[in-house]
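These are the residues of each chain, in order.
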Amino acid sequence: MNTFITTAGIALIGLMLLVLIRAIKGPTVIDRLVAINVIGTKSIVMLLFAGILFGQLEMFVDIALGYGLLNYIVSIAASRYYQHRKSLEPEHSPGGSPVS
Amino acid sequence: MDLLGYILISTGLVFFLGTTIGLLRFPDFYTRMHAAGKGDTLSTVVILIGCICLNATQEDGLGLLLALKILLIINFILIGSPTATHAMMDAGNKAGAVPWRKDSE
Amino acid sequence: MPELPIWQFDVLLLILVVLFAVVALSIRNLMGAAVVFGAYSFMMCLIWAGMGAVDVAFTEAAVGAGVSTVFVVSTLYNTGATMQRRTGGLTFKLFIGVVVTVAGAFLLSALPDFPKWGAPDSPVNATVAPYYILNTFEDAHVPNIVTSVLADYRGFDTLLETTVVFIACIAIYSIMRVDKAKLETDEPAIVAAPRYDPSDSLIVRQASRFMVPFMQLFALYVIAHGHYSPGGGFQGGVILGASLILLAISFDLKFLLRQWSEKTLMLLVAVGVFLYAAVGLTCMFMGGDYLDYGFLDSILPGEKDMARSHGILLVEIGVGITVMFSMIAIHINLASNGRFDRGL
């Protein structure tokens, strides 16, 4: 069972790398949001795989449950930002934004 | 029970492969959201059910407790992930992303 | 337990972490950079989980990948900053590159001198750790060694950490709170019935309404079960705060202010630290040292040697209260720019 879960975990990380390409390339910023949401959901699965490999799944289930709830909050917060702001393009504020 | 778990995890990985290909190759933001929202939720749920089947045979009631907790995770992903997809699609719509049309290419 | 570390996962996750960090720094849109930085935080959590450090992984997932990203989004919403500015020319970048490489090489040159991972003769594992591992269960009856070290053997450090969170909350409050707006924001405007924008989403509101009670129940479980499973006061407090931040985000900010008024929030931030310090003082009144829970057994229920376990639980509740209300107060201040009327 350990080799199967290890292979499944490596395949999952490889596919997460492919999703990261969309986060790099995405022409709009919400594409990046979507990619990060997918990566977050799959990381919950990765935590459970790590738990099975350790043989102590009951330790890792709590962390997975906690992160499943928090992933949702980040997606909602980021989309509320765009619902209020109503523009996807970054505005060039006058005087140049000093934040870097 | 172990064999069922292996089959379910492999099926979930195949669904996730489909999600990734869709996320990379679709032409527009809205179509990519279809691939991400549906495929991601489904593959996660299938993999988690596979994890339940792998661990259900532990002794003295621990397997039942683990199964209940993983069912809770499945519950929150089933409710939270499609809602997040809806919220992001709504945000994209309000912020003015234009749908792709085949004749505009 | 199988052999540690799981080197396949570790190598791949380290590559992913470096990739995430490079991507987060090179995206020029600040919102995208903030969200990718949250995902970087979660990759770090996976690395720690792969090493077996589950308490640290839980805290990193809750704080770094959850609440911290929401704070950055709120700040971006208020300041209106959207894009990074291009800095300097080529010579400047070369100079920075040389400085960073020299400093990094200096740090990496110490690498061969580290003891092997998990070696029993390294300074940590030879002197302090065996004492904790052997004596925790007889002293405090708490199976989770991390919780007993955090709240019992090293209780002073945790008290000061809680005070630091409290100070951070007060600092943000005193910097950002606008007094003129406090006079203008009248009570009837807050307690009036909500009138939601019809284009606002009903689906998000109902889903959040469903999830918030479960989040709070789970967070209470994490606080109370911190003796036996990964968790404890800090992680539970952060998830409790995040549940109320979810209410504030998906409904209106005034919805949260109607349930928890400003005075209640700031009072309760202080109550947690006060509870922690009061437990220590009570131990002194009972005849022991400060924060020596063994002397509390005459006023706590249960047997004599469970007193330390109950003392740890009281202290964790104090930490949880302070952290929960600090998160909420910081979010309200950042999201509404100190005006406490409407925000993200």
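Within each chain, residues carry numbers counting from 1 in the order of the written sequence. Going through the entries in the order they are written, you letter the chains from A and number the ligands from 1. Confidence filtering applies because this is a predicted model: local features only for residues at pLDDT of at least 70, side-chain atom pairs given and counted only at 80 or more, and all residues used for totals across whole chains, interfaces and linings.

## Notes on unusual backbone geometry
Residues and elements named next belong to chain C.
- Its identity as a non-glycine residue notwithstanding, H141 has a phi of 55°, on the positive side.
- By the secondary structure assignment, H141 is in the loop between α6 (129-140) and α7 (145-153).
- In this structure, L291 is a non-glycine residue whose phi angle is positive, near 60°.
- Put simply, DSSP marks the helices as runs of H or I at least four residues long and the strands as runs of E at least two long, and each gets a number from the N terminus on. Along the chain, L291 turns up in the loop between α14 (262-285) and α15 (307-336).

## Concerning the environment of C:V319
Residue and element names in this part refer to chain C.
- One can find V319 in helix α15.
- The spatial distance from the C-alpha of V319 to the C-alpha of V73 is 26 Å, given a sequence separation of 246 residues.
- In this description, any two residues whose backbone-derived C-beta atoms lie within 7 Å of each other are considered to be in contact. Beyond its immediate sequence surroundings of up to four residues, V319 is in contact with T158, T162, G233, F234, G237, G272 and Y276.

## With respect to the interface of chain A and chain B
- Facing the 40 residues of chain A at the interface are 40 residues of chain B.
- Those elements that provide at least two residues to the side of chain A that touches chain B are α1 (2-25), α2 (29-54) and α3 (57-85) of chain A.
- With 14 residues, the top contributor of residues to the side of chain A that touches chain B is α3(A).
- Taken together, the residues that form the side of chain A that touches chain B break down as 27 nonpolar, 8 polar and 5 charged. Under the scheme applied here, ten amino acids are nonpolar (Ala, Val, Leu, Ile, Met, Phe, Trp, Tyr, Cys and Pro), four are charged (Asp, Glu, Lys and Arg), and all others, including Gly, are polar.

## Overview of the interface of chain A and chain C
- Counting from both sides, the interface comprises 47 residues of chain A and, opposite them, 56 residues of chain C.
- Among the elements of the structure, α1, α2 and α3 of chain A are those that each provide at least two residues to the side of chain A that touches chain C.
- Here the element with the most residues in the side of chain A that touches chain C is α3(A); it accounts for 17 residues.

## Focus on the confidence of the model for chain A
Residues and elements named next belong to chain A.
- Per-residue pLDDT for chain A averages 82, and the proportion of residues at 70 or more is 85%.
- When mean pLDDT is taken per element in chain A, α2 scores highest with 90 and α3 scores lowest with 88.
- Confidence scores here are pLDDT values: one per residue, from the predictor, ranging 0 to 100. pLDDT under 50 marks residues 92-100. Its contacts with residues more than four places away, or in other chains, come to 11 contacts.

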